[in-house]
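# Coordinate inspection notes
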Amino acid sequence: QTFPALHTRFEDLLFHVEEVGKTACECVRGVFTKRFQYVEESAKRTMGVHKGANGLVKAMLQYGDPNKRLNGFTDRDRWYASKNVRTELMEKYNYVPPPLPS
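Residues numbered from 1 in each chain as written. Predicted model: local features only at pLDDT ≥ 70, side-chain atom pairs only at ≥ 80, totals over all residues. Heavy atoms only, no water.

This part covers helix H2 (residues 17-27). Taken as a whole, H2 has its buried residues at Val17, Val20 and Gly21. Looking straight down H2, one finds its buried side chains confined to an arc of 100°; they lie on one side. Exposed residues lying more than 90 degrees from the buried face of H2 are Glu19 and Glu26. Structurally, H2 contributes buried residues whose contacts are with helix H1 (10-15). (Buried < 20%, exposed > 50% of the residue type's maximum accessible area, 1.4 Å probe, protein only. Helix = DSSP H or I, 4+ residues; strand = E, 2+ residues; numbered from the N terminus. Arc of directions from axis to C-beta. Contact = heavy atoms within 4.5 Å.)

Another aspect to go through is the pattern of salt bridges. Going through the model one piece at a time under the given rule, you end up with three salt bridges. Across the salt bridge formed by Arg86 and Glu88, the nearest N and O atoms sit 2.9 Å from each other. Residue classification places Glu88 among the partly exposed residues on the basis of a relative accessible area of 42%. (Salt bridge = Lys/Arg side-chain N within 4 Å of Asp/Glu carboxyl O.)

Turning our eyes to something else, we now look at unusual backbone geometry. A positive phi angle, near 60°, is found at Arg29, a position not held by glycine. One can find Arg29 in the loop between H2 and helix H3 (56-63). Despite not being glycine, Asn94 shows a phi value in the positive range, around 60°. Counting through the fold element by element, Asn94 comes out in the segment after helix H5 (87-92).

In structure tokens form, the structure reads like this:
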């Protein structure tokens, strides 16, 4: 049995949230309301792995700058990604694989 799935990139939610929200609502036959509002602080900034997470503005500054998008990644993270990330998914979502450490 198959189930419908809706996939969206984090960047699309971050930079085009209203457009993505409207499209997602239409996809599931929902209604996008005028009560939409941005949450500027991290929604889970004090919980577990989310502790210290970025809020809206910090996330936009980090993920909107190609030179900063890998901040926080270690050389080990980049090596792991180079060996384990599925290239067809990277291409499907228009991601460029992280460069290998020198």
